[in-house]
Amino acid sequence: MKRVHLQLIAALAVAVACGGGAQASNWIGGGIDNEFSTTNNWDDGLINGTQNINGDFVVERVVDNTAQRTFVNGGAILNVTGGNHNDNRSGASIFNYVGDSSTGTVNQSAGQYSIGHGLRIGAGNGNGVGAYNLTGGALIVYRGSNSSLDSSNPGGRPSMQISDNKGGQGLFEISAGSLATRGGVHIGVAGTFSVIGTNATSIGIGSHDSGDGSWLQTSNSALKVAIDAGGVTPVFIDDVDGGGVFAELRDGALLDVSFWGGHVETNSWRVLDVENGPLVDNGLEFAETVDTNLWAKKIVADTQLWVSYAGAPIPEPTTNLYVDVEAPVPLAAETWNLHAPAGGNTALADQSSSGFTATFEDVDDYWGPDGEWIPYAPRVAQEFDHDLDISQVG
């Protein structure tokens, strides 16, 4: 009777999620093991495109598989330990649910998991508790979807939503592997986006295919970072079209920062990088667990969120220098008065590299190689860095 009861619940959940009538393969656990590929573990032998794991089950998936959607609810745990899995059904109102009105967990340690619609972690009427733990492999969410947190879908449709406006609790945590999305990430009132250390190779929001990334943290949502001996892998919001992106930290959004693995260091770290900005801070706060006598935070150049420990300084961004010449000029033999863009770092005045002397002024003109004053009309841009050996530019 128990198995039949769980099967009926699973079928009902899929019908509701799909708008009624959709067919699904429902996990019943009738096989000799808990392997995803064992056909007797599914009520239909795994022939339908939507795969529904709903109940107190632990499922191991290591095979290549193509489906429409995958649901992990009702206390289920899906362990992805290898293979290439693609949930390829697309649509603005199509989602993979992890913890929808119940508890659900995905643990991915290897393989590639691609999702062609929205991923929602923790949703539904205050009793949804979802978690996605990425400790290896690649997670790719290659479409966007509608957001229940902001009907205007600021920055475009998000690929991932963690928690919702109904009290669902969601956690996405990455400690290794990589994350790439096509759209943004929206984090709800009981949602946490967690990054542990530097073993994650990349966290690219908007870095897969076309479309900019975006970042939205509502009140009480948390960006959680744990710093190891190498620092922490920053969350990167990708500006694909070069026109800037949407990134907002709303009033009461939280930043939770700590050390990992017993490591403690007086230093500063970049934790969120919004390419070309702006990163709008409307009231980001430290979480209650953070000792504000030791930790500090700062938005740098309207594009980056930095944290520092024990009074360590937070560096300013590098400045773009612009040189306008007709032909390559050996800068080591010349002295130039160069333009620093408005808002640039004028504190780097009179720095030198291999005989190259640069005086930074927030002006629109600069001196030419023969001492003439030239109106600002740059054709070549070079990024100046203390460690960069600039020898010539054309």
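## A word on the packing of aromatic side chains
Part 1: Under the counting rule described, the total for this entry stands at 13 aromatic pairs.
Part 2: Summarising the aromatic geometry, the rings of phenylalanine 36 and tryptophan 42 are spaced 5.3 Å apart at their centres and angled 75° between planes, so their arrangement reads as edge-to-face. Taken as a pair, phenylalanine 36 and tryptophan 42 share a single burial class, namely buried.
Part 3: Three or more aromatic residues link up through ring pairs in this structure, and these residues are Trp27, Phe36, Trp42 and Phe57.
Part 4: Lying across the ring of phenylalanine 36, arginine 61 places its NZ or CZ 5.4 Å from the centre.

## Focus: the pattern of salt bridges
Part 1: Counting across every chain of the model gives three salt bridges.
Part 2: Ionic pairing is found between aspartate 150 and arginine 250, a salt bridge with its closest N-O pair at 2.5 Å. Linking aspartate 150 in the loop between strand S10 (129-141) and strand S11 (158-162) with arginine 250 in the loop between strand S19 (246-249) and strand S20 (254-259), this pair joins segments that are 100 residues apart in sequence.
Part 3: Looking at aspartate 150, the relative accessible area reads 14%, which means it is buried.
Part 4: Taking the shortest distance from any N to any O, the salt bridge between aspartate 273 and arginine 270 comes out at 2.9 Å.
Part 5: What makes aspartate 273 buried here is its relative accessible area of 12%.
Part 6: Members of the salt-bridge network, linked through shared partners, are Asp150, Glu248 and Arg250.

## Points about the pairing of strand S8 (residues 103-115)
Part 1: As paired strands, strand S6 (residues 76-87) and S8 are joined by ten bridges and run parallel to one another. The residue of S8 that forms the bridge with asparagine 79 is asparagine 107.
Part 2: Bridging between S8 and S10 involves ten bridges; their strand directions are parallel. Along S10, the bridge assignment pairs glutamine 112 with alanine 138.

## As for the side chain of arginine 61
Part 1: As for its position among the elements, arginine 61 is in strand S3 (residues 58-61).
Part 2: Among buried charged residues, arginine 61 stands out as having no salt bridge; its nearest opposite-charge side chain is aspartate 87, 5.5 Å away.
Part 3: Among the polar contacts listed, one links the side chain of arginine 61 to the side chain of histidine 85, at a separation of 3.2 Å.
Part 4: Those residues in contact with arginine 61 that lie beyond four places of it in its chain are Phe36, Thr70, Leu78, Asn79, Val80, Thr81, Gly82, His85 and Tyr113.

## Describing unusual backbone geometry
Part 1: Each neighbour pair has its own omega, and for glycine 277 with proline 278 the value is -5°, a cis peptide bond.
Part 2: Relative to the elements of secondary structure, proline 278 occurs in the loop between strand S21 (268-274) and strand S22 (279-281).
Part 3: In this model, serine 163 sits at a positive phi of 75°, which is unusual for a non-glycine residue.
Part 4: You can see serine 163 is positioned in the loop between S11 and strand S12 (169-181).
Part 5: Residue class for serine 163 comes out buried when judged on its relative accessible area of 1%.
Part 6: Of note, the phi angle at asparagine 220 is positive, near 75°, even though the residue is not glycine.
Part 7: You can see asparagine 220 is positioned in the loop between strand S16 (214-217) and strand S17 (222-227).
Part 8: Note on asparagine 220: relative accessible area 43%, which makes it partly exposed.

What counts as what
Residues numbered from 1 in each chain as written. Predicted model: local features only at pLDDT ≥ 70, side-chain atom pairs only at ≥ 80, totals over all residues. Heavy atoms only, no water. Phe/Tyr/Trp six-rings, centres within 6.5 Å; stacked < 30°, edge-to-face > 60°. Buried < 20%, exposed > 50% of the residue type's maximum accessible area, 1.4 Å probe, protein only. Lys NZ or Arg CZ within 6 Å of the ring centre and 35° of its normal. Salt bridge = Lys/Arg side-chain N within 4 Å of Asp/Glu carboxyl O. Helix = DSSP H or I, 4+ residues; strand = E, 2+ residues; numbered from the N terminus. Pairing = 2+ DSSP bridges. Lys, Arg positive; Asp, Glu negative; His and termini not counted. Polar contact = N/O pair within 3.5 Å; in protein donor to acceptor, adjacent residues only side chain to side chain. Contact = heavy atoms within 4.5 Å.

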